[in-house]
Amino acid sequence: MNSEDLRRSVTSALAAVKDPGSGRDLVAAGVVQNLEADESGSVRFQFQLGSDDASDLLKQARSTVEALEGVSDVKINVQLPQMAAGGQGNGGGGLKPGSVPAPTPKPGLLSQVSQVIAVSSGKGGVGKSMVAANLAAVFAKAGHRVGLVDADIYGPNIPLMFGVNRRPSVTGEKGQEMIDPIEAHGVRLMSLGFLLEEDQPAIMRGPLISGILKQFLEQVDWGSLDMMIVDMPPGTGDAQLSLVQTIDLDGAVMVTTPQQVATGDVRRGIKMFERVNTRVLGIVENMSGDVFGSGGGEALALEMGLPFLGRVPLDAAVAQAGDAGAPTVVSASESEAAKALDAVKDAVQKQLASSV
Ligand SMILES: Nc1ncnc2c1ncn2[C@@H]1O[C@H](COP(=O)(O)OP(=O)(O)OP(=O)(O)O)[C@@H](O)[C@H]1O
Ligand SMILES: [Mg+2]
């Protein structure tokens, strides 16, 4: 089909989808904009999310277009509320204390990914992987196309959290092979654990990572994604720093536990991102509860002039999620932790939508 015919057919299909909010169709209401199609059947457009959750509408728009004859690939650039006028929420505006805009343009790496965010902490064992896995799964549940990169060289555990224990397959002709991400719970996954030898000492992994990660990301066939979440390795050393610079992030989510706030690790983590002009989207307090206390994460956010993204309680449902082979928001979606993680998603989304 030629590209103009395809564009027309996609436009009229989307014009048949009603936005229950405005009562108008997606095209007339301006929800769908800048629609393009090419000869290969690749279709792209912008989708303006409403301030109330329009995730079903987004899903509906995607499936409508995907079902059309001649469509091979659909890329939707989701525009978050308030972001319509301001681009990708990446730059512009004045400086807020404690956060800096990321001025570097995105290079070719991950060019098909709309937003890239890292989940980090500065310290091990605070729940980075848990937050990264659940954010990925809950964004996917809301209709976004999500990739999750497990960049933890020391203990890659994302595959376990998603119940995946096979190696990814490699496709393509010799010399142009691509690694297929593994899809689980609606998330496209890739883990350094798939590549590293199990008995490789951790000390050898550090220098390996920044170089290998770039190549690794280039050779993974992500397709187009609305969001990529990177589960960072613990620490604030050179390996982490060069990792941050390799990926060119839109923002970082910092995780801390109430008792870790006092140690300064999370502050060091925040400083690391600021050194490379990566915006810190805010702080999540994990494992808050009676035993460890709570409130420290919020106090730290206030002190550093950063948004507080929410509090995730210490919850048995989180510990059991590993056994279930699914993130808590999937395996125990009614648990307190899952509800809290869903709220963290909303808070992250709100930050991404507002320019600094
Ligand atoms: N809110 C919570 N309630 C109960 N258990 C939790 C919670 N958050 C994390 N855990 C558990 O704590 C452990 C550490 O979590 P996780 O692996 O996500 O931390 P991490 O910061 O990624 O660690 P590492 O630095 O080793 O990568 C896991 O066993 C996880 O199941
Ligand atoms: Mg981890």
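Notes on the structure in this doc start here. Computed from a predicted structure; not experimentally measured.

About the criteria used
Residues numbered from 1 in each chain as written. Chains lettered and ligands numbered in written order. Predicted model: local features only at pLDDT ≥ 70, side-chain atom pairs only at ≥ 80, totals over all residues. Heavy atoms only, no water. Helix = DSSP H or I, 4+ residues; strand = E, 2+ residues; numbered from the N terminus. Buried < 20%, exposed > 50% of the residue type's maximum accessible area, 1.4 Å probe, protein only. Pairing = 2+ DSSP bridges. Axes fitted to C-alpha atoms, helices over the stretch in contact; angles between N-to-C directions. Contact = heavy atoms within 4.5 Å. Parallel < 35°, antiparallel > 145°, perpendicular 65-115°, else oblique. Left-handed = near helix turned anticlockwise from the far one by under 90°. Nonpolar A, V, L, I, M, F, W, Y, C, P; charged D, E, K, R; others polar.

**Side note on the side chain of Lys128**
No. 1: Take Lys128: it is sitting in helix 3 (residues 128-141).
No. 2: Look at Lys128 and you get buried, because its relative accessible area is 5%.

**Describing the sheet that holds strand 11 (residues 251-256)**
No. 1: Overall, mixed pairing links the eight strands, which are arranged 8-9-5-10-4-11-12-13 in an open sheet. The open sheet has two edge strands with one neighbour each: strand 8 (182-184) and strand 13 (308-313). For this sheet, the mean inter-axis angle between neighbouring strands, taken without regard to orientation, is 25 degrees.
No. 2: In terms of strand pairing, strand 4 (residues 113-120) meets strand 11 through four bridges, oriented parallel. Residue Ile117 lies in a different strand from strand 11, and its bridge partner there is Gly251.
No. 3: Where helix 3 meets the sheet, it contacts strand 4, strand 5 (146-150), strand 9 (187-191), strand 10 (225-231), strand 11, strand 12 (280-288) and strand 13, and its direction lies at approximately 170 degrees from that of strand 10.
No. 4: Taken strand by strand, helix 7 (residues 265-275) contacts strand 4, strand 11 and strand 12, and its axis lies near 175 degrees from that of strand 11.

**Points about the packing of helix 7 against helix 8 (residues 296-304)**
No. 1: At a minimum axis separation of 12 Å, helix 7 and helix 8 run at an interaxial angle of 40 degrees. Taken together, the axis directions place helix 7 and helix 8 in an arrangement best described as oblique. The handedness of the crossing between helix 7 and helix 8 comes out as right-handed. Residues Val266, Arg267, Ile270 and Lys271 of helix 7 touch helix 8, and the partners they reach there are Leu300, Glu303 and Met304.
No. 2: Its residues assigned to classes, the contact of helix 7 with helix 8 shows four nonpolar, no polar and three charged.

**Looking at the packing of helix 3 against helix 11 (residues 336-353)**
No. 1: In contact at an axis separation of 9 Å, helix 3 and helix 11 are set at 80 degrees when each is read in the N-to-C sense. Considering their axes alone, helix 3 and helix 11 lie roughly perpendicular with respect to each other. Contacts from Met130, Asn134, Leu135, Val138 and Phe139 in helix 3 reach Leu341, Asp342, Val344, Lys345, Val348 and Gln349 in helix 11.
No. 2: Looking at the contact of helix 3 with helix 11, its residues break down into seven nonpolar, two polar and two charged.

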